[in-house]
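# Reading the structure
Okay, here's what each chain looks like letter by letter:
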Amino acid sequence: MRHHPLLACAAILLAATVQTSSAADAQLIVDASKPGPVISKHIYGQFSEHLGRCIYEGIWVGPDSPIPNTKGYRNDVLAALKQLKVPQLRWPGGCFADEYHWRDGIGPREKRPSIYNSNWGGVVENNHFGTHEFLELCEMLDIAPYICLNVGSGTVQEAQEWVEYMTSAADSPMANLRRANGRDKPWHVPFIAIGNENWGCGGNMRAEYYADNYRRFNTFVKNYADYKIRRIACGAAGGDYDWTEKVMMIAGKQTDGLALHYYTIPTDSWTGSKGAALGFGEDHYFSTLRNTLRMKDLIVRHLATMDEFDPEKKVDMVVDEWGIWTDVEPGTNTGFLYQQNTIRDALLAALNFHIFHEHADRVKMANIAQIVNVLQAMILTDKEKMLLTPTYHAFEMYKPFQDATALPVSLVTPDYVFGQEKIPAVSATAARATDGKVYVALVNVLPTESATVSTTLVGLAAKGATGRILTAPAMDSHNSFAAPNAVQPAAFTGATVADGKLTVTLPAKSIVVLALQ
Ligand code: AHR
C-alpha cells in the first residue's frame, strides 16, 4: 500500500467508515492524477539454474528427443514462455554459477566435458546446454539475458573472457572463438551478476573480502559494445544488513545494483521440514502468507542501509531470488528441489508483485526461483507432458504492469486473523499501463470468506471494468498432469462502476486484475 500525502485525510475518513461496514469490506482510493514511478518490467523476471530438471528436461531436451522440440528446446515450454513475456532470465545459477566454467559449455556438444554438479543432487552435468544454447533461447523469446559470473571458484580472466566472448564484435581472440563456434554477431547481454551468494555456496566469504573481490572482477569485466552492462553485486540473505552495509561501503560506487535473496518458508525452518507443497493446513497457509509479507520490511531496511552510502539512490535493488521453498515432492531427489505449486503460491506471488510496485522507484529487478521444475516454478514437466502452475497464471495476468506507471493507492482493509496473529486480508495495486489504460489488481487472501472492495477513483472517469480472476476451491488447489487446467484464470464479472466508484467482490483466495474503461 502506498501512502500518498493527498490521500492521508481521505484514508482516515475511510477508516472511520469501514468500522461500520461488514468485516470483510475494504476501502481503496486510486489516484490517477498523481502518477508515480515506472514499474520496471524487470521485476517480472525469471531464474534458471542447472538444478534438477530445470534446464535438462524442463527447457532443453536436445534435437534428437522424441519430445517435440525446436533445435533442442521443447516446443510446449517455448510457447508458454513466449506468452509470459519474460523480461529477463538469470543463468546459470544460483550456487551452480560459482562452480561453472563457461569454456566447458561451448563447441561441439559431443566434445564438451562432463562435470559433477556438487550443489544439486550430485548428478553428472554434460554441459550440452551452454552459452550458445542459453543466449539463443533468450534471442528466440526476446528475453534479456542476465549472466551470473563465477567469482567463488573462477578466475578474473575467465570472467573477463566470457564477457568478451559474448559481447565483443572485435577481431579479438574471444570474439573469434565465438565465430569459430558458429556465431558471428555478439549477443546483447545487458545484465551481469558478479557472483552469487558469496557469503555461502559462492565461497563462504566475509563481506569485506567479497566486496574487494567484486571491485577486482568488476575492473576487468569490460563493456565491449556500445552499451554499458549493468553490474549487480551479491547482496544479503534475508535480514543481513551488515552485509549490505559493508558491500555498499566498499563497492557501492562500482555497482549498478545490489541483490537480495529472500525465500518464503512455511515453517521458517531451513534445517527441519520446510512444510509440504500440498496437503497443508490453514496453519501453513497463514504462516506462508505472513512470512512472505516480510519482503516489504526487508526492502525498506536494506534500502535505508543502501541510502547511507548512496544518497543519490543510484544503486538499484535487485530481488535476485524469491518465492516459496517447501519440502520436495515425496519420492523425488531432495537435491532437485521439485515442488508442486498451489493457489496459495499464486497469492504469494501477487502479494510480492504489490510490494515491488510499491517500491518501484528502487526495486528495478526481481527474479522468481525458478522458471521450470524447481521451487516456485511457472511450468512443471513430466516427460512429454507439461502444465502451467497457478504462479504462471499470476505472472501472466500481471503482464499489463510491465513498464506501467504506478498510481498511488490507499487501502483500508480488514484483517485475516489466525490464532493470535493477523495479516491484511486484501492487497491492492494500480498503474497506468503502456496501452494507456488504468489497471487495478486486487488480492483477497481470506481462505473461506469473500471481501468487497469499494474503490474511489480520483482523476479518472471510468465507466466500467473488465478483467480476469484466478481462484480455486481449496488452499492447496493445483494443476496436476491428470488435471492440468484445474486452476486457471477466468473472465471476471464481479466488478461494477457507478458514480465514480469501482466495487468489486473478491471471492476467497482470489486474484483479480481489472482494466478500467
Ligand atoms: O534457487 C536455489 C538456490 O537457492 C540457489 O542456487 C542459491 O542461490 C539459493 O540458495
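Since we're looking at a predicted model, the values are computed, not measured.

Quick notes on the rules
- Residues numbered from 1 in each chain as written.
- Predicted model: local features only at pLDDT ≥ 70, side-chain atom pairs only at ≥ 80, totals over all residues.
- Heavy atoms only, no water.
- pLDDT = per-residue confidence, 0-100.
- Contact = heavy atoms within 4.5 Å.
- Buried < 20%, exposed > 50% of the residue type's maximum accessible area, 1.4 Å probe, protein only.
- Helix = DSSP H or I, 4+ residues; strand = E, 2+ residues; numbered from the N terminus.
- Pairing = 2+ DSSP bridges.
- Phe/Tyr/Trp six-rings, centres within 6.5 Å; stacked < 30°, edge-to-face > 60°.
- Lys NZ or Arg CZ within 6 Å of the ring centre and 35° of its normal.
- Disulfide = S-S within 2.5 Å.

Confidence in the prediction of the protein, expressed as mean pLDDT, is 95, and 96% of residues score 70 or more. Throughout residues 1–22 the model reports pLDDT below 50, and contacts reaching past four residues in sequence, or to other chains, amount to 34 contacts.

This next bit is on the pairing of strand β25 (residues 495–498). Burial along β25 is one-sided: the residues A495 and V497 are buried and none of T496 and A498 is. Sheet topology note: the β25/strand β26 (residues 501–506) ladder contains four bridges and is antiparallel. Paired with A495 across the two strands is V504, which belongs to β26. Remark: two residues form the turn of the hairpin made by β25 and β26, two consecutive strands paired antiparallel; D499 in that turn has positive phi of roughly 50 degrees.

A word on the packing of aromatic side chains. Each pair of aromatic rings is reported with the distance of its centres and the angle of its planes. A complete count under the given rule lists 28 aromatic pairs for this structure. Arranged with centres 4.8 Å apart and planes meeting at 85 degrees, the rings of Y263 and W325 form a pair that is edge-to-face. A residue pair is termed long-range when its members are at least 10 positions apart, and Y263 in strand β11 (residues 257–264) and W325 in the loop between β12 (316–324) and α10 (343–358) qualify at 62 residues. For Y263, a relative accessible area of 9% puts it in the buried group. Residue W325 is classed as buried on the basis of its relative accessible area of 12%. Among the aromatic residues, those joined into a ring-pair cluster are W60, Y73, W91, F96, Y100, W102, F129, F134, W162 and Y165. Between R53 and the ring centre of Y338, over which it is positioned, the NZ or CZ distance is 4.9 Å. Over the aromatic face of F280 sits the side chain of R344, whose NZ or CZ is 3.7 Å from the ring centroid.

What follows deals with the state of the cysteines. Under the criterion given, the structure shown has one disulfide. The thiol of C54 is not disulfide-bonded; the next cysteine sulfur, from C138, is found 12 Å away.

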